[in-house]
Amino acid sequence: MADPWRLLVDTNSYADFSVSISPAIERAVVEGSSPPTVFLNIFDSDSVTIGINEDPEQTLDLNLCASEGVYFRRRPSGGGAVYAGAGSAFLVYFLPTTHSKVPQTSAEAFPQILGAMAETLSKRYGFPASYRPLNDIEVEGRKLIPTSLKIENGVMTFRIVVNITPIDTSLAGKLLPMPPEKVADKELKDLSSRFTYLEKEAGRSFDVRELESMTRDVVMSSFGEGLTLGRTTKLEQGYAGQFRALYESEEWLFAKSERTLLQPILRNGDTVGYGRSKAVGGLIRATLALRENKIIKAIINGDWHPRPLESVSWLEEQLIGVEAEFEVIRAKIQQFLADDEVEFAGVKIEDLMSAIKVALETQDVR
């Protein structure tokens, strides 16, 4: 008989949960030490995280973060920067893919899970929530729920930020400056009009009991499973401390940054160019460093959802030494994307090449 699914309910900041408790539960479920788990976490303070394939120096205003005392971390999962306010919540699934209703790919997971959640919210609270590809739930164009996803080692970790209470959109907009490409396909362009929250749309307040009831409904709708209330184990608590130490380090935080990957290898006469493009799956940033018309370093950052997560690094490695010619690079990336081990959900070859084309055209001597 399969293990009953466990429901955990707790209170932590979004950023701290993302770099400690979340990877700890994931590890325990991967090992089989813990059962399939759904975690409802209420945020006790404002904080920010960026995705694993993002550079905080590209994505955040670090000086403003420091002056405003905003806690931020780079999380070990995909997706983009998210500002989560106190009183809102995290709904996170840690589910083995051996379950018949747990998706095997990102392309399957987002519509199945977010479609079911949007339908549940609409039925419970009477407002028109809808799934927007690739990874959002919206209400008439206003983003209500951002998400991120990881499917690795036989476990799907699906992270859903439920914006329950309002955030300071003016401050959030300054902390997370938004490239024009990011909102090019959005009807609502500014942060205050693009985001909404559950209390506003539902016209009511939400306590822990209501959020737990909503969670049970959403899980039943998505997977046909009930939940048994539980608590974290000593093993998971130990893992959380280990992960917190790792993911709070400067080395981890700036692992996808130019200061780490590019500055140590540049010589006089090398050139560097930058490009951006927007795919359905998210924003793509391409940084190319060239020497004698060959790529000496490629940094491919962005907020889409690659599977596996390290596949972006595989692509970066494969581009080293390639002739800095558009069609040559395109052929190399086409070959890479044909690998069955790689899934760039919502990202096509044209999206990557659009950013790379700009990076090639904007080369500047260092």
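See the structure shown above.
Now for a description of the structure that goes with this document. Everything numeric here is computed off the predicted structure, so don't read it as measured data.

Reading the values: rules and limits
- Residues numbered from 1 in each chain as written.
- Predicted model: local features only at pLDDT ≥ 70, side-chain atom pairs only at ≥ 80, totals over all residues.
- Heavy atoms only, no water.
- 1 Å grid on protein atoms, 1.4 Å probe; cavity = no way out; pocket = protein on both sides within 12 Å on 5 of 7 lines; lining within 4 Å.
- Points joined across faces, edges and corners; volume = space filled by probe spheres on them.
- Helix = DSSP H or I, 4+ residues; strand = E, 2+ residues; numbered from the N terminus.
- Nonpolar A, V, L, I, M, F, W, Y, C, P; charged D, E, K, R; others polar.
- Buried < 20%, exposed > 50% of the residue type's maximum accessible area, 1.4 Å probe, protein only.
- Core = buried A, V, L, I, M, F, W, Y, C linked by side-chain atoms within 4.5 Å.
- Contact = heavy atoms within 4.5 Å.
- Pairing = 2+ DSSP bridges.
- Axes fitted to C-alpha atoms, helices over the stretch in contact; angles between N-to-C directions.
- Parallel < 35°, antiparallel > 145°, perpendicular 65-115°, else oblique.
- Left-handed = near helix turned anticlockwise from the far one by under 90°.
- Phe/Tyr/Trp six-rings, centres within 6.5 Å; stacked < 30°, edge-to-face > 60°.
- Lys NZ or Arg CZ within 6 Å of the ring centre and 35° of its normal.
- Salt bridge = Lys/Arg side-chain N within 4 Å of Asp/Glu carboxyl O.

1. A word on the layout of surface pockets
Its volume calculated, the second largest pocket comes out at about 240 Å³. Elements with a contribution of two residues or more to the lining of the second largest pocket: β9 (142-152) and α13 (311-319). In terms of residue count, the dominant contributor to the lining of the second largest pocket is α13 (3 residues). A class-by-class count of the residues in the lining of the second largest pocket yields 4 nonpolar, 2 polar and 8 charged.

2. Remarks on unusual backbone geometry
Along the chain, Pro133 connects to Leu134 via a cis peptide bond; the corresponding omega equals 10°. Mapped onto the elements, Leu134 comes out in the loop between β7 (129-132) and β8 (136-139). Between Arg307 and Pro308 the backbone carries a cis peptide bond, its omega angle lying at -5°. A positive phi angle is found at Glu292, which is not glycine, with a value near 55°. Topologically, Glu292 is positioned in the loop between β13 (282-291) and β14 (294-302). Residue Glu292 is classed as exposed on the basis of its relative accessible area, which comes to 76%.

3. Examining the nonpolar core
Across soluble globular proteins, nonpolar side chains show a tendency to be buried alongside one another. Grouped together as the largest cluster of nonpolar side chains are 42 residues, with contacts concentrated most on Tyr93, Leu121, Met156 and Phe158. Beyond its immediate chain neighbours, meaning those up to four positions away, Phe158 contacts Leu91, Val92, Tyr93, Ala109, Phe110, Ile113, Leu114, Thr147, Ser148 and Leu149.

4. Notes on the pairing of strand β6 (residues 89-96)
A regular strand places its side chains on the two faces of the sheet in alternate fashion. Most of β6 sits inside the fold, with 8 of its 8 residues counted as buried. Burial along β6 is two-sided: the residues Ala89, Leu91, Tyr93 and Leu95 and Phe90, Val92, Phe94 and Pro96 are all buried. In terms of strand pairing, strand β2 (residues 37-42) meets β6 through 6 bridges, oriented antiparallel. Looking at β6, one finds that Thr37 is bridged to Phe94. Two elements, β6 and strand β10 (residues 155-162), share 8 bridges in a ladder whose sense is antiparallel. Bridge pairing in β10 links Phe90 to Val161.

5. Things to note about the packing of helix α2 (residues 21-31) against helix α10 (residues 234-247)
Where α2 contacts α10, the two axes come as close as 7 Å, and the packing angle between them is 130°. As far as their axial angle goes, α10 and α2 are oblique. As for how α2 packs across α10, the hand of that crossing is right-handed. Along the contact surface, α2 presents Ile21, Pro23, Ala24, Ile25, Arg27, Ala28 and Glu31, while α10 presents Leu235, Glu236, Tyr239, Ala240, Gln242, Phe243 and Tyr247. When grouped by side-chain class, the residues that make up the contact of α2 with α10 number 10 nonpolar, 1 polar and 3 charged.

6. A few points about the packing of aromatic side chains
Under the definition given, this model contains 14 aromatic pairs. Between Phe17 and Phe39, the aromatic rings sit 4.8 Å apart at their centres with planes inclined by 75°, giving edge-to-face as the arrangement. Of the two residues, Phe17 sits in helix α1 (residues 14-19) while Phe39 sits in strand β2, which places them 22 residues apart along the sequence. A single burial state applies to Phe17 and to Phe39, both of which are buried. Seen in terms of ring centroids, Tyr93 and Phe158 are 6.4 Å apart; in terms of plane orientation they differ by 50°. Their pairing is tilted. Linking Tyr93 in strand β6 with Phe158 in strand β10, this pair joins segments that are 65 residues apart in sequence. A network of ring pairs unites the aromatic residues Trp5, Tyr93, Phe110, Phe158 and Phe223 as a single cluster. Positioned above the aromatic ring of Tyr239, the side-chain terminus of Arg27 is 3.9 Å from the ring centre. It is Arg74 that lies over the ring of Trp252; its NZ or CZ is 4.0 Å from the centre.

7. A few points about the pattern of salt bridges
Taken as a whole and assessed by the stated rule, the structure comprises 21 salt bridges. Measuring nitrogen to oxygen at the nearest pair gives 2.8 Å for the salt bridge that ties Glu343 to Arg307. Of this pair, Glu343 sits in strand β16 (residues 343-345) while Arg307 sits in strand β15 (residues 305-307); the two residues are 36 residues apart in sequence, bridging distant segments of the chain. With relative accessibility at 13%, the residue Glu343 sits in the buried group. For the salt bridge of Arg330 with Glu350, the shortest nitrogen-to-oxygen distance reads 3.7 Å. Placement of the pair is Arg330 in helix α14 (residues 326-337) and Glu350 in helix α15 (residues 349-361), with a sequence separation of 20 residues. Of the residues examined, Arg330 reaches a relative accessible area of 24% and is grouped as partly exposed. Members of the salt-bridge network, linked through shared partners, are Arg124, Arg204, Glu210 and Asp217.

Honestly, it's all geometry; don't read function into it.
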